[in-house]
Structure formats: C-alpha cells, structure tokens
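# Results of the structural survey
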Amino acid sequence: MPETILRVALPTPLMRLFDYLPPDDGPEPSPGQRVRVPFGRSERIGIITELTVTPSVPVESLRRSKSVLDEQPLLDPELRRLLDWASGYYQYPPGEVYAAALPAALRRGRGPATGHERWQPTTNCSADDVERLDKRASLQRRVLAALLSSPDGLDAATLATHSAGWRSAVDALCDKGLVERSRGELWPSTPIPAGQPGPPLNPAQVRAAAAINTARAFAAFLLAGVTGSGKTEVYLTCIEKQLQADRQSLVLVPEIGLTPQLLERFQSRLGIRVAVLHSGLNDSERLLAWTAAATGQAKVIIGTRSAIFTPLPKPGLIIVDEEHDASLKQQEGFRYSARDLAVWRARQLRIPVVLGSATPAFETLENAQSGRYELLELPERPGTATHPSVHLIDLRRHPARDGLSEPLLARIRQHLDANGQVLVYLNRRGFSPVLMCTACGAIAECARCDARMVYHRQRSQVICHHCGQQRTAPEACPDCGEPMLPVGQGTERIETALREAFPDDPLVRIDRDTTRRRGAFERAIAAVRSGEARILLGTQMLTKGHDFPDVTLVGIVDADQGLFGTDFRAGERFAQLFVQVSGRAGRASRPGEVCIQTLYPEHPLLRLLVASDYRAFATQAMAERRQAGWPPFGYLALLRAEASQRQHAFGFLEAARALADDVRLDQVSLLGPAPAPMERRQGRYRGQLLIRADSRARLQSFLQAWRPGLDELREARRARWSLDVDPVELF
Ligand code: ADP
Ligand code: ZN
C-alpha cells in the first residue's frame with residue numbers, strides 16, 4: 001500500500017501547498033493539525049490540509065516531516081474550506097492565509113490555551129503532616145499550611161506571594177504525595193452579574209429580531225438604522241436567542257468600535273463572559289480567547305476584522321456592525337474583506353448573517369435592492385432624534401481666520417450660552433498641512449514622498465504623515481532666509497483659535513496626537529460625557545461608536561477636503577462621514593444643528609445631502625456608478641507595484657499588462673499602468689494597473705489565468721507587487 005502523503009500549507013510567498021511524508025512517530029496525522037517540517041535548511045510549522053496517496057512530485061524526492069504537533073485538528077473542515085476559498089478568491093498564498101487564521105502563539109508551535117494550574121492538598125493530608133515535615137524545610141511547611149487553609153487550592157500567582165522558591169517546595173510536596181496539581185477552568189462559566197435588562201423592543205425592532213430569529217438556514221440581512229436607532233438592542237436579542245439554543249454568535253466591529261463600554265454592555269446584558277479578539281491583545285490573551293471559542297466554551301465572540309477566522313464549533317449567528325467601515329478590509333498582505341467573508345461563511349454554515357449600518361456600503365445596498373439580502377429598517381426613535389438642521393457657510397462670503405468663519409464662531413457662542421455642547425470636526429491633525437516661505441513660496445516637503453510636511457507647532461516639528469519622517473520645523477526659509485508661514489489648518493491650529501475665542505469653555509481635542517498615551521482617549525471621552533468639556537474637537541476618531549447626547553452643534557470645518565477625492569468612492573465616503581458626524585448632534589431631547597464650511601456651497605452632492613438623506617444621496621450616486629460601470633456594477637482588482645527605481649515598478653506593470661494580452665480577455669478591461677496618486681512614498685516609486693470586469697465570475701477566471709504568470713515574470717524580481725481583489729482604496 002502506498003504511504004500516506006501529507007499536503008501542507010506552509011507560510012511562504014508561494015501560491016502552492018507542499019507534500020511531505022508523515023513523521024516516523026507521534027500522533028496519527030489528520031487534516032487541520034499542525035506539523036513541523038524541514039524547509040530548505042530550516043524548519044517550519046504548517047497545517048495539514050489533506051492526506052493523499054498521489055504526491056505532486058516523485059515520492060523519492062519527498063522529505064519526511066518531523067512531528068505532528070496536535071492530537072486534535074486545530075482547524076475544522078468548515079474553517080479550512082473558508083481559508084481555501086479565500087486563498088483562491090483573493091489570490092493569496094494558501095500558507096499565508098492559513099497562518100493569518102491562527103493566533104501567533106499557535107503559529108510558533110505553542111499548544112492551545114489551558115486553564116490555570118492549581119495545587120491543593122491530597123484528601124488524606126492534614127495539619128499533622130505539616131508537623132511531620134523536616135523543621136528545616138520551612139518553606140514547604142508554610143506552603144502546605146497555606147494550602148490546607150484554602151481547600152479549593154491556590155494558583156501560581158498566589159503561591160508566588162509566599163516566596164520566589166515556591167515551585168520547588170510545591171514539587172517536593174507533590175513527590176511526598178501531600179499535594180496534587182489540577183487545572184482550573186479555561187473559561188469560567190460563572191455568570192457575570194446581570195445589569196439592567198434591555199428595554200422592551202419597539203415594533204420595528206421586534207420585526208427585525210423576528211426575521212433574523214426565524215431564519216432556519218442561511219439568510220443575509222441588512223439592518224439599516226442611524227446610530228441610536230436600536231441596532232445593538234436587536235443584536236443582543238438575537239444573541240440571547242442563540243444562547244438559549246447553546247449556539248455561538250460572532251460579532252465583528254470596526255477597529256475603533258470595540259470599546260470597553262461595548263464589551264461591558266454585552267457582558268452585563270447577556271450575563272456571560274464574552275471573548276474579545278483585537279489587535280491590542282498580547283499573545284496569551286489572544287490564545288485564551290481563541291481557544292475558548294474553538295472549544296465552544298465562549299458563546300459570544302466580539303472582534304475586529306481577523307476574528308472572522310475564529311473557529312465556531314456551535315455556530316448560530318454572525319453579525320457585522322458598521323459594515324460599511326473600510327477597516328473591515330485588510331489593506332496589506334492578505335487583503336480580505338471580513339464583511340464579505342462573513343457572508344460567505346454564514347452561507348457555508350447555513351446560519352443567518354446580519355450587516356448593520358446607518359450608512360450601508362453601496363455594495364450592500366445593491367444586494368438589498370436586488371433581493372439577495374433582506375432589508376430590515378429601524379426608523380429613528382420618536383421623541384429623541386429630531387433631524388438636525390443643516391446650514392452651509394459659504395467661505396467665499398465669510399472668509400475664515402485660522403479656519404473658523406464668523407458665522408460658525410457665532411453659532412458656537414450661541415450653543416455654549418444655551419448650555420449645549422459643541423463638536424468641531426476636522427480630519428487633519430497637526431497645526432497646518434503646509435509650511436511656506438512668505439517671500440519665495442518654498443514649501444517644506446518630504447524628501448522621500450511626494451508630500452508636504454505637516455507642521456506640528458507644539459512639537460516645533462514638521463512631520464510627514466505618510467512615512468513618519470520628522471525634523472525640526474525651519475523658522476526661516478532654507479532657500480532665501482525669510483520667515484516661514486503656516487498655511488491651512490489642522491486640529492492643533494483650530495484648538496488654538498477656539499481656546500482664544502472661548503477661553504472660559506473647557507475644550508478637549510481628540511486625535512492621534514492627543515490620544516497616544518494609554519487611557520487618554522477614554523479620559524477625553526469621559527470628560528465629554530460628564531459634561532465637563534464644553535467643546536469637543538477632533539478627527540475621524542470621534543465619528544464612530546460614541547454617543548454624545550448633549551452635543552447640540554456640529555461644525556464641519558472643511559467639507560471640501562472630502563468632496564474632491566481622487567477615488568470614485570469619494571462621494572460615498574463623504575456622505576457616510578457626514579451622516580456619522582452630524583448624527584452626533586441633538587440626540588437627546590434637544591434639537592441639533594450642523595454647520596458646514598465650504599467654498600462650494602452649490603456642489604450637487606452637498607446640496608443633496610443637506611436637502612435629503614443618505615438613501616436619497618445613495619440612489620443618485622449609484623445611478624452614476626451604474627453608468628460608469630464602477631462597483632457595485634462592475635468588479636475590480638488592482639495590481640500595485642513599487643520599486644526604488646521608477647522604471648522597475650513600471651517595467652513590471654507593463655510586462656503584467658502584456659501578459660494579460662495572452663490570456664483571453666472576455667469582457668475584462670485593463671486600465672493603466674498609471675502612477676499611484678502619490679507616486680513616490682518612502683523613497684519608492686509606485687504605480688498601478690486596474691482590472692475591471694462586468695461580473696465577478698469573469699474577473700475571477702481572468703485572475704486565475706493571469707496570476708501564475710506574474711510570479712514568473714523576469715521584471716517581478718525588481719519590484720515589490722501585490723494584487724488587491726475588490727479594493728476599497730484605489731491607491
Ligand atoms: P444603535 O446600535 O443603532 O446605535 P442602540 O441599540 O445602542 O442603537 O440604542 C441606542 C440607545 O437607545 C441605547 O441606550 C439603548 O439602550 C436605547 N434603546 C434601544 N432600543 C430601545 C427601545 N426599544 N426602548 C428604549 N430604549 C431603547
Ligand atoms: Zn514622507
């Protein structure tokens with residue numbers, strides 16, 4: 001009988017699997033287990049994807065794997081199907097895709113998490129035994145006495161308080177048969193004290209929850225409702241239902257949406273410990289949460305993007321909150337969309353998936369309109385949310401000083417006097433985006449990027465926001481010696497201007513510069529919620545997930561920044577942002593107001609947003625997309641390349657384009673190569689080639705035929721390149 005061959009996904013940049021002979025001894029290999037194998041002159045850890053008897057290379061040339069690391073598969077067949085599919089769809093090496101699905105500790109060979117070690121006296125051990133111990137073994141005596149007085153046993157942390165040498169004392173006591181070791185629970189099931197029960201659902205919420213709860217197999221729902229309309233209450237109701245059936249729920253949120261408050265709300269409402277997975281965890285924390293989910297002990301898992309790869313032995317429901325958020329798409333390496341994978345996975349698992357948003361992505365709206373997803377709408381709650389009134393401030397008639405026009409300052413004064421809170425939004429940190437010579441017009445530029453250095457006055461530095469380069473801000477022009485002048489504004493400058501205009505009203509600024517220190521963000525949010533801060537100034541960090549019920553005025557300093565993006569999604573992004581920011585105003589019983597400063601008050605997009613709402617805007621903007629064939633009415637992939645010499649990046653892209661001509665181009669068109677919107681970044685030249693098709697299937701079959709040839713191109717050795725399927729950013 002031919003020997004079984006292990007087919008292994010190994011973390012390498014190659015688009016293939018690797019065959020190995022099974023190890024000489026150890027556990028019986030089966031798919032989903034990790035295996036340690038020789039690779040070149042070193043060793044690697046991979047995942048067995050299948051067992052086969054037909055190796056892809058002659059059996060004599062196969063190497064023998066060293067050892068199988070797991071008794072049980074770490075990845076079940078369902079998850080492996082997801083990973084195999086994702087590797088094919090996103091054209092990314094299977095070994096890297098498998099690696100992305102595992103916590104780092106498992107990738108490095110550690111075992112899954114186990115409960116804490118504990119020690120307790122054996123049943124026949126008593127106080128007499130302490131006396132019988134050698135008088136000189138004083139530590140053993142102390143440790144045994146401590147253990148006898150705590151019948152549930154003690155863990156390592158507690159024992160360490162007795163002495164640094166406790167472990168050898170405990171080992172000696174174990175050898176004497178006086179003490180035994182056990183393991184505590186991995187994921188204690190003791191209920192968390194329940195907080196307030198949820199409010200009774202309103203009729204729209206009841207309808208939504210019922211639709212989701214009665215789905216007996218795969219069904220995708222778009223839960224559309226503004227912030228505060230009660231989407232989270234619907235999620236909680238559906239999760240409770242899953243808990244009653246002993247099934248797991250996976251909740252994906254954007255990076256910035258996973259706050260301690262959200263976790264607290266879920267835990268106290270559901271009365272159980274919720275597993276959390278996000279990038280801020282250390283390896284052990286991540287491993288523990290992952291293991292708790294993989295063993296079915298954690299029933300509710302909340303996480304950011306990569307949590308979509310959490311094993312779910314008892315799957316019941318997947319929720320993607322703020323589904324339009326760009327952070328759900330990985331922007332480097334394995335460029336997957338966690339939202340799209342969530343829908344694919346739910347279909348495989350035959351369970352419902354809920355996509356929630358106040359401002360759904362056009363892709364999702366189109367799926368709802370075509371009937372693939374069921375639309376569930378939550379109207380704004382009566383009595384609380386009166387639509388804010390929106391005013392455009394024409395900056396041509398009312399020039400701004402330090403970024404703030406007279407009418408905006410007057411509004412702020414009014415709202416502060418009426419005891420309202422004010423939110424001022426500008427998505428640019430630093431003092432000014434440009435530092436310019438007053439005489440010759442020279443501008444501080446980054447030496448490594450096609451970008452201007454942003455002036456940070458508090459730090460007296462100019463910083464490139466693209467590559468992080470920083471240097472002392474020049475006081476005089478290096479060319480002509482005349483003074484340098486800050487042009488334009490960032491949050492730092494607006495802060496100065498606001499403090500000058502409203503010296504008696506406490507202000508907090510929230511951006512990446514002010515929240516670098518641990519806890520600073522939470523403190524700032526708390527100051528706003530307690531009412532201590534009257535003016536809240538910030539960047540995009542403010543716009544998600546946080547309720548500021550006493551904010552009555554929102555001022556958008558610069559609408560034009562968002563209106564004229566290079567990307568076809570610029571309008572959609574701006575509208576989402578506008579709704580998210582203006583949604584902060586007047587949530588409680590007070591009517592809210594929004595003031596937008598712009599040089600282009602007649603811009604059709606602005607007018608539409610001011611006059612109606614996101615959906616009306618979306619209808620119009622989607623009609624334009626349909627005409628142009630952009631997503632969701634066309635399907636894209638982006639080939640990016642960069643190199644320290646321009647001709648190497650473009651040489652590769654040209655060769656890639658020529659290669660495409662050899663592949664049958666059935667209703668697939670190529671645009672480019674073209675320079676990236678910022679052609680030079682960190683000293684490297686960047687270009688791109690856009691691929692567009694009328695259907696997903698056509699795009700996929702083209703990529704499958706084209707992609708293998710890219711690896712083979714001679715020019716590929718001189719450039720760093722990547723392929724982005726369904727890109728959300730076109731740079
Ligand atoms: P969203 O997730 O859409 O932002 P939430 O579910 O967080 O909305 O609800 C916003 C606030 O309104 C929360 O404080 C929530 O407890 C409350 N709320 C939601 N639904 C109801 C309801 N049916 N009755 C009373 N209060 C509700
Ligand atoms: Zn730079």
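Located above this text is the structure these notes cover.
So, here is what we can say about the structure in this document. Quantities reported herein were computed from a predicted structural model and do not represent experimental measurements.

### Some points on the sheet that holds strand 28 (residues 668–681)
The sheet built from four strands is open, its strands ordered 28-29-27-30 with antiparallel pairing. The open sheet has two free edges, formed respectively by strand 28 and strand 30 (720–725), since each of these has just one partner strand. In this sheet, neighbouring strand axes are inclined to one another by 20° on average, regardless of whether the strands run parallel or antiparallel. In this structure, strand 27 (residues 635–643) lies alongside strand 30, joined through six bridges in antiparallel fashion. Among the inter-strand pairings, alanine 637 is bridged to a residue of strand 30, identified as valine 725. The strands that helix 21 (residues 646–662) touches are strand 27, strand 28, strand 29 (684–693) and strand 30; relative to strand 28, the one it contacts most, it runs at about 170°.

### Topic: helix 13 (residues 362–369)
Summarising burial for helix 13: seven of the eight residues are buried, a large majority. Buried residues of helix 13: Phe362, Glu363, Thr364, Leu365, Glu366, Asn367 and Ala368, and no others. Summarising the contacts, the buried residues of helix 13 are in contact with strand 9 (219–224), helix 12 (338–349), strand 14 (352–357), strand 15 (374–377), helix 18 (570–582) and helix 20 (614–628). Of the residues trailing helix 13, glycine 371 is marked for its positive phi of about 90°.

### Notes on unusual backbone geometry
Residue proline 632 follows proline 631 across a cis peptide bond; omega there is 5°. Relative to the helices and strands, proline 632 resides in the loop between helix 20 and strand 27. Of note, the bond from glycine 672 into proline 673 is cis; its omega dihedral lies within 30 degrees of zero at 5°. Here proline 673 is to be found in strand 28. With phi around 55°, glutamine 91 is a residue other than glycine that occupies positive phi space. Relative to the assigned elements, glutamine 91 resides in the loop between helix 1 (77–89) and helix 2 (94–100). By relative accessible area, glutamine 91 is classed as buried at 5%. In the Ramachandran plot, aspartate 246 falls in the positive-phi region, its phi being about 60° despite a non-glycine side chain.

### Structural notes on the coordination of the zinc ion (ligand 2)
Looking at the zinc ion (ligand 2), one finds its protein donor set to be Cys446 (SG), Cys449 (SG), Cys464 (SG) and Cys467 (SG), positioned 2.3 to 2.4 Å from the metal centre. Taken together, the four donor atoms surrounding the zinc ion (ligand 2) define angles of 107 to 112° at the centre, an arrangement classified as tetrahedral. Spacing between the donor residues of the zinc ion (ligand 2) along the chain follows C-x2-C-x14-C-x2-C. In terms of burial, cysteine 446 and cysteine 449 fall into one category: buried.

### A short note on the pattern of salt bridges
Summed over the entire model, instances satisfying the criterion amount to 42 salt bridges. In this structure, glutamate 3 engages arginine 64 in a salt bridge whose closest nitrogen and oxygen atoms are separated by 3.3 Å. One end of the pair, glutamate 3, is in the segment before strand 1 (5–9); the other, arginine 64, is in the loop between strand 4 (42–52) and strand 5 (67–68), with 61 residues separating them in the sequence. Between arginine 692 and aspartate 694 there is a salt bridge whose closest N-O contact spans 2.6 Å. The class of aspartate 694 is partly exposed, set by a relative accessible area of 42%. Three or more residues joined by partner-sharing salt bridges are found here, namely Lys329, Arg335, Arg640 and Asp724.

### Concerning the nonpolar core
Ranked by size, the top nonpolar core spans 81 residues in total, and within it Leu75, Ile308, Phe309, Leu639, Phe652, Phe702 and Trp706 carry the most contacts. Considering every element that reaches this core, the biggest residue donor is helix 21, with eight residues. Setting aside anything within four residues of it in sequence, one finds phenylalanine 309 in contact with Leu79, Leu82, Leu83, Ala100, Ala101, Trp290, Phe334, Tyr336, Leu341 and Arg345. Phe362, Ala524, Phe548 and Phe574 belong to the second-largest nonpolar core, a separate cluster that totals 41 residues.

### Structural notes on the site of ligand 1
Taken together, 15 residues lie near ligand 1, and Gln205, Gly228, Lys231, Thr232 and Arg265 sit nearest. Within the side chain of glutamine 205, an N or O atom sits 2.7 Å from a nitrogen atom of ligand 1. A distance of 2.8 Å separates an oxygen atom of ligand 1 from a polar side-chain atom of arginine 265. For ligand 1, whose free accessible area comes to 560 Å², the fraction covered by protein is 74%. Among the elements that make up the shell around ligand 1, the one with the highest residue count is helix 9 (residues 231–244) (three residues). Taken together, the residues of the shell around ligand 1 break down into four nonpolar, seven polar and four charged.

### Things to note about a nonpolar patch on the surface
Where nonpolar side chains cluster on the molecular surface, the patch consists of Phe564, Leu599 and Tyr600 and spans about 280 Å² of accessible area. As for its placement among the helices and strands, tyrosine 600 is situated in the loop between strand 26 (593–598) and helix 19 (604–611).

Calculation criteria
Residues numbered from 1 in each chain as written. Chains lettered and ligands numbered in written order. Predicted model: local features only at pLDDT ≥ 70, side-chain atom pairs only at ≥ 80, totals over all residues. Heavy atoms only, no water. Pairing = 2+ DSSP bridges. Helix = DSSP H or I, 4+ residues; strand = E, 2+ residues; numbered from the N terminus. Axes fitted to C-alpha atoms, helices over the stretch in contact; angles between N-to-C directions. Contact = heavy atoms within 4.5 Å. Buried < 20%, exposed > 50% of the residue type's maximum accessible area, 1.4 Å probe, protein only. Donors = N, O, S within 2.8 Å, 3.2 Å for Na, K, Ca; no water. Tetrahedral: all angles 85-135°; square planar, octahedral: opposite > 155°, others 65-115°. Salt bridge = Lys/Arg side-chain N within 4 Å of Asp/Glu carboxyl O. Core = buried A, V, L, I, M, F, W, Y, C linked by side-chain atoms within 4.5 Å. Near = heavy atom within 4 Å. Polar contact = N/O pair within 3.5 Å; in protein donor to acceptor, adjacent residues only side chain to side chain. Areas by Shrake-Rupley, 256 points an atom, 1.4 Å probe, with all protein chains shown as cover. Nonpolar A, V, L, I, M, F, W, Y, C, P; charged D, E, K, R; others polar. Patch = residues over 30% accessible without salt bridge, like charges linked within 9 Å, V, L, I, M, F, W, Y side chains within 5 Å.

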